[in-house]
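If you want the building blocks of each chain, they are given just below.
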Number of protein chains: 2
Amino acid sequence: MSETAAVRRGRGRRPAAEVRAGALEAAGRILLRDGMPAVTFERVATEAGCSKTTLYKWWPSPGALAAEAYFTHSRQLLEFPDTGDIRADLITQLEAFVRWLKESGAQAPVSQLVGAAQLDPDLAAAWSQSYAIPRRDLAVERLRIAQRQGQLREDADLHVIVDQLWGACYHRLLVLKVDFDASIAERLVDQALYGAAPREA
Amino acid sequence: MSETAAVRRGRGRRPAAEVRAGALEAAGRILLRDGMPAVTFERVATEAGCSKTTLYKWWPSPGALAAEAYFTHSRQLLEFPDTGDIRADLITQLEAFVRWLKESGAQAPVSQLVGAAQLDPDLAAAWSQSYAIPRRDLAVERLRIAQRQGQLREDADLHVIVDQLWGACYHRLLVLKVDFDASIAERLVDQALYGAAPREA
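These figures come from a predicted structure and were not determined experimentally.

## Concerning the pattern of salt bridges
- Summed over all chains, the structure comprises 32 salt bridges over all chains.
- Close ionic contact of Asp-155 of chain A with Arg-153 of chain A constitutes a salt bridge, the shortest N to O distance being 3.1 Å.
- Note that Asp-190 of chain B is salt-bridged to Arg-87 of chain B, the shortest N-O span being 2.7 Å. Linking Asp-190 of chain B in helix 10 (residues 184-194) with Arg-87 of chain B in helix 6 (residues 86-102), this pair joins segments that are 103 residues apart in sequence.

## Here's the deal with the interface of chain B and chain A
- On the chain A side, the residues contacting the 49 residues of chain B number 48 residues.
- Both sides of the chain B and chain A interface together cover about 4,400 Å² of buried area, and 56% of this is carbon and sulfur.
- In terms of surface lost to chain A, no three residues of chain B exceed Gln-118, Arg-153 and Arg-199 of chain B, which account for 15% of the buried area on that side.
- The salt bridge involving Asp-157 of chain A is made with Arg-187 of chain B; its shortest N-O contact spans 2.7 Å.
- Counting across the chain B and chain A interface gives 32 residue pairs in polar contact (both at pLDDT 80 or more).
- Elements that contribute at least two residues to the side of chain B that touches chain A include exactly helix 7 (107-117), helix 8 (121-148), helix 9 (158-176) and helix 10 of chain B.
- When grouped by side-chain class, the residues that make up the side of chain B that touches chain A number 28 nonpolar, 13 polar and 8 charged.

## Side note on the relation of the copies chain B and chain A
- The operation relating chain B to chain A is a screw motion whose rotation component is 180°, with 0.0 Å of axial translation and a residual RMSD of 0.0 Å. Those values place the two copies in the arrangement expected of a two-fold rotation axis.
- A high fraction, 98%, of the interface residues of chain B reappear at the interface in chain A, so the copies pair face to face through one surface.

## Concerning the packing of aromatic side chains
- Here the structure, examined in full by the defined rule, presents 18 aromatic pairs over all chains.
- Here the aromatic rings of Tyr-70 of chain B and Trp-127 of chain B are separated by 5.9 Å at their centres, their planes lie at 25°, and the arrangement is stacked. Of the two residues, Tyr-70 of chain B is situated in helix 5 (residues 62-75) and Trp-127 of chain B in helix 8; the sequence distance between them amounts to 57 residues.
- Overall, Tyr-70 of chain B belongs to the buried group, its relative accessible area being 0%.
- Given the relative accessible area of 0%, Trp-127 of chain B is considered buried.
- Members of the aromatic cluster, joined through ring pairs, are Tyr-70, Phe-71, Trp-100, Trp-127 and Tyr-131 of chain A.
- A cation over an aromatic ring shows up here: Lys-57 of chain A above the ring of Trp-58 of chain A, its NZ or CZ 5.4 Å from the ring centre.

## Observations regarding the nonpolar core
- Counting residues in hydrophobic clusters, the biggest one holds 153 residues, and the most contacted among them are Phe-97 and Trp-127 of chain A together with Phe-97 and Trp-127 of chain B.
- Leaving out residues up to four positions away in the same chain, Trp-127 of chain A has contacts with Ala-67, Tyr-70, Val-110, Leu-113, Val-114, Ala-132 and Tyr-170 of chain A together with Val-175 of chain B.

## A look at the domain arrangement of chain A
Residues and elements named next belong to chain A.
- Looking at the assigned domains, one finds that chain A contains domain 1 (3-61) and domain 2 (71-194).
- Inter-centroid distance (C-alpha atoms) of domain 1 to domain 2 is 28 Å.
- In this complex, domain 1 contributes 7 residues to the contact, which on the side of domain 2 involves 10 residues.
- Note on domain 1 versus domain 2: buried area summed over both sides is about 740 Å², and carbon and sulfur give 75% of it.
- Considering only the surface of domain 1 that becomes buried against domain 2, Leu-31, Leu-32 and Met-36 emerge as the three largest contributors, covering 64% of it.
- Along the contact surface separating domain 1 from domain 2 lie 1 residue pair in polar contact (both at pLDDT 80 or more).
- Residues belonging to the side of domain 1 that touches domain 2 are distributed by class as follows: 5 nonpolar, 2 polar and no charged.

## Some words on the environment of Phe-71 of chain B
- Along the polypeptide, Phe-71 of chain B turns up in helix 5.
- Taking the C-alpha atoms as reference points, Phe-71 of chain B and Pro-134 of chain B, 63 residues apart in sequence, are found 8.6 Å from one another.

## Here's the deal with the packing of helix 8 of chain B against helix 9 of chain B
Residue and element names in this part refer to chain B.
- Two numbers describe how helix 8 lies on helix 9: the axes approach to 9 Å, and their chain directions differ by 125°. Taken together, the axes of helix 8 and helix 9 lie oblique to each other. Helix 9 is crossed by helix 8, and the crossing has right-handed handedness. Of helix 9, the residues touching helix 8 (which contributes Trp-127, Tyr-131, Arg-135, Arg-136, Ala-139, Val-140, Leu-143, Arg-144 and Gln-147) are Leu-158, His-159, Ile-161, Val-162, Trp-166 and Tyr-170.

## Quick word on the confidence of the model for chain A
- This prediction gives chain A a mean pLDDT of 90; 93% of its residues lie at or above 70.
- Low confidence marks residues 1-7 of chain A, where pLDDT is under 50. Its contacts with residues over four positions away, or in another chain, come to 3 contacts.

## Notes on unusual backbone geometry
All names here are of chain A.
- Even without being glycine, Lys-177 reaches a positive phi, approximately 60°.
- Position of Lys-177 relative to the elements: it lies in the loop between helix 9 (158-176) and helix 10 (184-194).
- Lys-177 gets classed as partly exposed once you look at its relative accessible area, which sits at 31%.

## A look at the side chain of Gln-191 of chain A
- Along the polypeptide, Gln-191 of chain A turns up in helix 10.
- Residue classification places Gln-191 of chain A among the buried positions, given a relative accessible area of 6%.
- The residues touching Gln-191 of chain A, leaving out its near neighbours within four places in the chain, are Ala-196 of chain A together with Ala-156, Asp-157, Val-160, Ile-161, Gln-164 and Ala-192 of chain B.

## What to know about helix 2 (residues 16-34) of chain A
Residues and elements named next belong to chain A.
- Its 19 residues place the ends of helix 2 27 Å apart at the C-alpha level, agreeing with the 27 Å of an ideal helix rising 1.5 Å per residue.
- All buried positions along helix 2 are accounted for by Val-19, Ala-23, Leu-24, Ala-26, Ala-27, Gly-28, Ile-30, Leu-31 and Leu-32.
- Where helix 2 is buried, its residues meet helix 3 (41-48), helix 4 (52-58), helix 5 (62-75), helix 6 (86-102) and helix 7 (107-117).
- Gly-35 lies just past helix 2 and shows a positive phi near 90°.

Here is what the cut-offs are and how they apply
- Residues numbered from 1 in each chain as written.
- Chains lettered and ligands numbered in written order.
- Predicted model: local features only at pLDDT ≥ 70, side-chain atom pairs only at ≥ 80, totals over all residues.
- Heavy atoms only, no water.
- Salt bridge = Lys/Arg side-chain N within 4 Å of Asp/Glu carboxyl O.
- Helix = DSSP H or I, 4+ residues; strand = E, 2+ residues; numbered from the N terminus.
- Contact = heavy atoms within 4.5 Å.
- Buried area = accessible area lost by both parts, 1.4 Å probe.
- Polar contact = N/O pair within 3.5 Å; in protein donor to acceptor, adjacent residues only side chain to side chain.
- Nonpolar A, V, L, I, M, F, W, Y, C, P; charged D, E, K, R; others polar.
- Least-squares fit on C-alpha atoms with pLDDT ≥ 70 in both.
- Phe/Tyr/Trp six-rings, centres within 6.5 Å; stacked < 30°, edge-to-face > 60°.
- Buried < 20%, exposed > 50% of the residue type's maximum accessible area, 1.4 Å probe, protein only.
- Lys NZ or Arg CZ within 6 Å of the ring centre and 35° of its normal.
- Core = buried A, V, L, I, M, F, W, Y, C linked by side-chain atoms within 4.5 Å.
- Domains from an automatic or database assignment.
- Axes fitted to C-alpha atoms, helices over the stretch in contact; angles between N-to-C directions.
- Parallel < 35°, antiparallel > 145°, perpendicular 65-115°, else oblique.
- Left-handed = near helix turned anticlockwise from the far one by under 90°.
- pLDDT = per-residue confidence, 0-100.
- Expected span 1.5 Å × (residues − 1).

Here it is as structure tokens:
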């Protein structure tokens, strides 16, 4: 048994940050494997090896825990690359996002999280503050670099670009309920960058 | 009492189409006034003056009835104008859509409908088939006219334009949970038409 494992066994010995990270990891795993209704404080406490009281201390509801877990879990998989070419990087990132939804099993939990958030103000706040807005900030950060480099117009609204790329995917996923795959990425990016009007107009 | 009203009083006398329209009208009224949970077969039957059995015959669930009622009710308010200028018409329509959400009280019922649809496959099918896809078709029809007139590029993806305009609003409403108003319409339309990349690139 390694020293770390031995320390882990000692109840109450683990630093709070480690326990918190473990709970988020367990919640993310349960969410992606079994969906939103499976994320209960009971299950997460059992899988993470901590007490339910500990979870209550940090999260007002299982929905809030699920939202933060989703952000933590998806963050590493959905990083924003910077190769210096904004068109290529947006396509890469959007393709990764769509594959994450469609091939890694995130589609159902994401839909359930956003769906439940429409009927639960606590979850809505957790989702928005722990996931949606931080993700938008990461995207805008990358877009701002491109704007400084002259790859986006000075008067381009970077929040609107986010709406027109990731928002378009959510539109198909949640509102239209039509199927789509990663091949949509290039079309979305090109139309967001170059527009739908004739270039000569 | 008018002749029509007299006929209405006679139970079972009304043509099915009239009863159906009355039920949809009542459901739409209840939905927009009191929200999704208030749309029960009981309430709609009482307000529409028909039997619950009749409602069961036409709709598998109150959610399916609410979705169709929403489309029927919003259709007249959200028509697609054709003045010959696609930019102006898109701005007019998007502004009407945002005002409908933000000022006419549709925001809560729409969010609740889409939210509940993520957890209820019957409602999801009703929402998609009775509202979301027909609305997209109406938008694409108007966009296709503009494309034929040379106001949109021949290779522009009209479905993507819908995602990038109305989808952007849904993104802010449902996913980001940030506030917005009708002033967003012009920015969305201009960025969808002219793109975010420098014009000279």
